[in-house]
Amino acid sequence: MAVAVEHPLDKYVRTEKLPTLWCPGCTIGIVMTSLLRAIDQRIREGLLRRDQITFVGGIGCSARIAMYVRFDSVRTAHGRTIPLATAIKILRPEHKVIVVGGDGDICAIGGNHLLHALRRNMDLMIIIVNNMIYGMTGGQVSPTTPLKLYTTTTPYGNPEKPLNIIRLACSLGANFVARGSATHPHILQQIFYKALGKRGLALIEVLSSCPEIFGRHIGITDPVKSFMTLRDKIKVKNNPSLDESEYDWEKGFVIGVYLDKDDPGYIDNLSLLYKSLRGF
Amino acid sequence: MRIDYISGNRAIAEAAIASGLKFFAGYPITPSSDIFEYLAEELPRRGGYVIQFEDELASIYAVIGASWTCSKAMTATSGPGFSLMVEGISIAVMTETPLVIAYIMRAGPATGVPTKTGQYDVFQAEYGFHGGLPIPVFAPSNPQEAYDLTIKAFNTSEILRTPVVLLSDASIANMFGKVLIREAGEIEIIDRRSIEILRKKGCEWSLDDVYEMKCVGDGYDIYVETLTHDEKNIYRPTTDVQRRLMWRLYRKIINNREVLFEYSFHNYGNKRCRNMIITYGSTFSSVSEAVRELNKNEEDFCVFKLKTLYPINEKIFYEKTRDVDKIFVVENNVGLYVKEIRSILRDKDVISISVIDLEYPDPDEIVERVREWL
């Protein structure tokens, strides 16, 4: 007889919403687990309070992380997470505000908001789970889809060069920019742990494998094969240079922390300006 | 209590502060920007925040985010900006997020004449967002009403947990007038935190369909759901849950029509109101001038000015129009809101008098157009 055993992270999960809608073989669960482990570590070390964490998620498979975690979580329309999170951070500056979304949610429809949050060095942790495709809507091209790839809306091949999120984030003044991969959960957990301690904007791009949708387009639908294909493309580096952030499906991807500085974030700048005005 | 000589836009800003505004997010657009600019100077001094975002989409979502920290939040915009905001308003309707949008209409469509007036967007304010659930719309016709209705807009949004539109236009925005400004304590300010107290105490509002609101920071498990959800806030894609949710959100507003519907009735000393002009917003100024002329010939004209465009209290319409022969609806557009009135007063002659004018509609033109029907 099977005995229900509680998972050590269950306390951070809205178990009543399970099972998740993620497909068998999807790696978003690994991303969520790595994130919860990093959060748990910080809470246990007394560096973070559970009632001071807010998740904001939009629309898409990975945005549903916000739906499954048991913290304050707000869901909103496709692409509109960052401005909503910005307002929460301004009014609840003691909160760690975490935005989760996919490449389509944050880089395409929410691209303008991303750009301005980066420019502001807004005190948010933005996690972009990049599966290089629109998964939930059935396999359309995304800003990070590799060049020439077949998708349902580019049936003759993708004519667009994909976006290098790392280069974009580094060029606009974020404090912390890193790339992780769902195929390397321990490194991912370390990156999340670090990012949770940052002021200003921390952006983490997480490469993920999507056997059901992206896999179908590249001809690898077996979950293990799909996972291994991505894993073989990953190179781990300590403090990689910006040039090594090159985003190319053929050449593979370098994961690691690309930028880690400690400039004042938006909230610091704002409170400094308001201090003289209000006297507090 | 004090009397100030201020513009319609300034009155909105003053009333927002009196209502306890904590957060304003916006994007500059004529003719609404001076609300933004005044608040940008005033609000931070009082502990609030005023932030300019990258566009109107960001602005409305920032307002939603702010509201979910239980802070009173608003934005101000005009037609093209509101067009971008409608996506977020639908999210606010579904998530039952209190917020206020000051919508200062200008001449459209497209970029139209940005500095001039019109009443083209009445339907957009009421119905412009996906989902088919209209939200309360208040329409002031002078700075004093702009002040009073802004306070009403905030109270309504808080108590019914809904977005509310304050629909003004370029003429009222720049119209100066004496405004009686009431200080905090002299006006009733409702906060969503006091819904439960009001519910127990009993009040004029119908609160059966309003749920208590818990905010970010109140504990660690508030969850804001944009998908169709049941009473426990869990996503349920079933017809049954969809019906219950839709009707509750609809009833929440419509069942408060008696509290929400504001109007003023002017019979200019006539014993009988044979001919009635229905109007709203800045066009009221032109209409009251036109009626002075029309009443010279003992035509017995009265004016029914609407200050609430949604929801309407039909009973008052029936009462006021019982002995009326002809009803004229004067608007500064191609004849829009007249359709709403026709759907209520189905057994009356409801005549549309559309006078498109970049300034106030010319009273002489109104007189001429009305006389064609006498």
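Residues numbered from 1 in each chain as written. Chains lettered and ligands numbered in written order. Predicted model: local features only at pLDDT ≥ 70, side-chain atom pairs only at ≥ 80, totals over all residues.

With respect to the overall build of chain B
Reasoning step 1: Along chain B, the regular secondary structure elements total 14 helices and 15 strands.
Reasoning step 2: Taken along the three principal axes of its C-alpha coordinates, chain B extends 70 × 45 × 40 Å.
Reasoning step 3: When each of the 374 residues of chain B is scored for burial, the buried share is 49%.
Reasoning step 4: Residue pairs in contact within chain B that sit at least 24 positions apart in sequence constitute 76% of those at least 6 positions apart. (Helix = DSSP H or I, 4+ residues; strand = E, 2+ residues; numbered from the N terminus. Buried ≥ 20, exposed ≤ 12 C-beta atoms within 10 Å, placed from the backbone. Contact = placed C-beta atoms within 7 Å.)

So, the confidence of the model for chain B
A low pLDDT means the predicted coordinates there should not be read in detail.
Reasoning step 1: Averaged over every residue, the pLDDT of chain B is 96; the share at 70 or more is 100%.
Reasoning step 2: As a predicted assembly, this complex carries a pTM of 0.97 together with an ipTM value of 0.97. (pLDDT = per-residue confidence, 0-100.)

Brief notes about the sheet that holds strand 2 (residues 72-75) of chain A
Each strand in a sheet pairs with its neighbour through backbone hydrogen bonds, running either in the same direction (parallel) or in the opposite one (antiparallel).
Reasoning step 1: On the basis of which strands lie adjacent, the open sheet formed by 9 strands has the order 7(A)-8(A)-5(A)-6(A)-4(A)-3(A)-1(A)-2(A)-9(B) and mixed pairing. Only two strands of the sheet have a single neighbouring strand rather than two, namely strand 7 (234-236) of chain A together with strand 9 (223-224) of chain B.
Reasoning step 2: Two strands pair when backbone bridges link them, and strand 3 (residues 96-102) of chain A and strand 4 (residues 125-130) of chain A are joined in this way by 5 bridges, in the parallel orientation. Across the sheet, the residue bridging to G102 of chain A is V129 of chain A, located in strand 4 of chain A. (Pairing = 2+ DSSP bridges.)

Topic: the interface of chain B and chain A
Reasoning step 1: The interface of chain B with chain A comprises 33 residues on the first partner and 28 residues on the second.
Reasoning step 2: Within the residue set of the side of chain B that touches chain A, elements represented by two or more residues are strand 2 (23-26), strand 3 (49-52), helix 3 (56-67), helix 4 (79-95) and strand 9 of chain B.
Reasoning step 3: Ranked by the residues each element gives to the side of chain B that touches chain A, the list is headed by helix 3 of chain B, at 7 residues.
Reasoning step 4: Split by residue class, the side of chain B that touches chain A holds 19 nonpolar, 8 polar and 6 charged. (Nonpolar A, V, L, I, M, F, W, Y, C, P; charged D, E, K, R; others polar.)

Comments concerning the domain arrangement of chain B
All names here are of chain B.
Reasoning step 1: Partitioning chain B into domains gives domain 1 (1-260) and domain 2 (265-371).
Reasoning step 2: For domain 1 versus domain 2, the distance between C-alpha centres works out to 28 Å.
Reasoning step 3: For the side of domain 1 that touches domain 2, the elements supplying multiple residues, two or more each, are helix 5 (122-127), strand 6 (137-138), helix 6 (143-160), strand 7 (163-169), helix 7 (170-173), helix 9 (239-254) and helix 10 (257-260).
Reasoning step 4: Considering only residue class, the side of domain 1 that touches domain 2 consists of 17 nonpolar, 5 polar and 6 charged. (Domains from an automatic or database assignment.)

Quick look at the sheet that holds strand 10 (residues 263-266) of chain B
Residue and element names in this part refer to chain B.
Reasoning step 1: Spatially, the 5 strands line up as an open sheet ordered 10-12-11-14-15, and their pairing is mixed. In the strand order of this sheet, the two ends are held by strand 10 and strand 15 (349-354), each with one partner. Between one strand axis and the next, the sheet turns by 20 degrees as a mean value, whatever way the strands run.
Reasoning step 2: Across 4 bridges, strand 10 lies against strand 12 (residues 301-306) in antiparallel orientation. Residue pairing in the sheet places Y263 in a bridge with L306 of strand 12.
Reasoning step 3: Across the face of the sheet, helix 11 (residues 283-294) comes into contact with strand 11 (275-280), strand 12 and strand 14 (326-331) while running at roughly 160 degrees to strand 11. (Axes fitted to C-alpha atoms, helices over the stretch in contact; angles between N-to-C directions.)

Topic: the nonpolar core
Residues and elements named next belong to chain B.
Reasoning step 1: In terms of nonpolar packing, the biggest core is built from 189 residues, with L166 and L167 touching the most fellow members.
Reasoning step 2: Mapped onto the domain boundaries, this core takes at least three residues apiece from domain 1 (1-260) and domain 2 (265-371).
Reasoning step 3: Aside from chain neighbours lying at most four places away, what touches L166 is I12, V100, A102, Y103, F138, L149, T150 and A153. (Core = buried A, V, L, I, M, F, W, Y, C linked by C-beta atoms within 7 Å.)

Thoughts on helix 3 of chain B
Residue and element names in this part refer to chain B.
Reasoning step 1: Given a rise of 1.5 Å per residue, 12 residues ought to cover 16 Å, and the 16 Å separating the end C-alpha atoms of helix 3 matches this to within 8%.
Reasoning step 2: Counting buried positions over the 12 residues of helix 3 gives 12, a clear majority of the element.
Reasoning step 3: Turning to helix 3, its buried residues are E56, L57, A58, S59, I60, Y61, A62, V63, I64, G65, A66 and S67. (Expected span 1.5 Å × (residues − 1).)

Observations concerning the pairing of strand 15 of chain B
All names here are of chain B.
Reasoning step 1: Relative to strand 15, strand 14 runs parallel, the two being bridged by 6 bridges. Bridge assignment links I327 to a residue of strand 15, and that residue is V350.
Reasoning step 2: Viewed along the sheet, the connection from strand 14 through helix 13 (residues 337-344) into strand 15 turns out right-handed. (Right-handed = clockwise from strand over helix to strand, strands pointing away.)

Considerations on the packing of helix 1 (residues 8-18) of chain B against helix 6 of chain B
Residue and element names in this part refer to chain B.
Reasoning step 1: Across the interface, helix 1 lies against helix 6 with an axial gap of 8 Å and an inter-helix angle of 30 degrees. Regarding the angle of helix 1 to helix 6, the classification is roughly parallel. The way helix 1 lies across helix 6 gives a crossing that is right-handed. Contact with helix 1, carried on its side by G8, A11, I12, E14, A15, A16 and A18, involves P143, A146, Y147, T150 and I151 of helix 6 and no other residues of that element.
Reasoning step 2: Partitioned by chemical class, the residues of the contact of helix 1 with helix 6 number 9 nonpolar, 2 polar and 1 charged. (Parallel < 35°, antiparallel > 145°, perpendicular 65-115°, else oblique. Left-handed = near helix turned anticlockwise from the far one by under 90°.)

Quick look at helix 7 (residues 185-196) of chain A
Residues and elements named next belong to chain A.
Reasoning step 1: Between its terminal C-alpha atoms helix 7 stretches 16 Å, which fits the 16 Å expected from 12 residues at 1.5 Å a residue.
Reasoning step 2: Here helix 7 has its buried residues at L188, Q189, I191, F192, A195 and L196. Buried residues of helix 7 fall within an arc of 160 degrees about the axis and therefore sit on the same side.
Reasoning step 3: Against helix 1 (28-44), strand 3, strand 4, strand 5 (176-181), strand 6 (202-207) and strand 8 (253-260) lie the buried residues of helix 7. (Arc of directions from axis to C-beta.)

Examining unusual backbone geometry
All names here are of chain A.
Reasoning step 1: For the bond running from L18 to P19, omega is 0 degrees, close enough to zero to count as cis.
Reasoning step 2: Tracing the sequence through the fold places P19 in the segment before helix 1.
Reasoning step 3: A positive phi angle, near 65 degrees, is found at M132, a position not held by glycine.
Reasoning step 4: Assignment of secondary structure puts M132 in the loop between strand 4 and helix 6 (165-171).
Reasoning step 5: A tally of 28 C-beta atoms within 10 Å means that M132 is categorised as buried.
Reasoning step 6: Notably, N239 is not glycine yet its phi reads approximately 45 degrees, a positive angle.

Here we look at the environment of L118 of chain A
Residue and element names in this part refer to chain A.
Reasoning step 1: Relative to the helices and strands, L118 is located in helix 5 (residues 111-120).
Reasoning step 2: Note on L118: 24 C-beta atoms within 10 Å, which makes it buried.
Reasoning step 3: Sequence separation of L118 and E250 is 132 residues, and the distance between their C-alpha atoms is 28 Å.
Reasoning step 4: Dropping the residues within four chain positions of it, L118 is found in contact with A169, L172, G173, A174 and L201.

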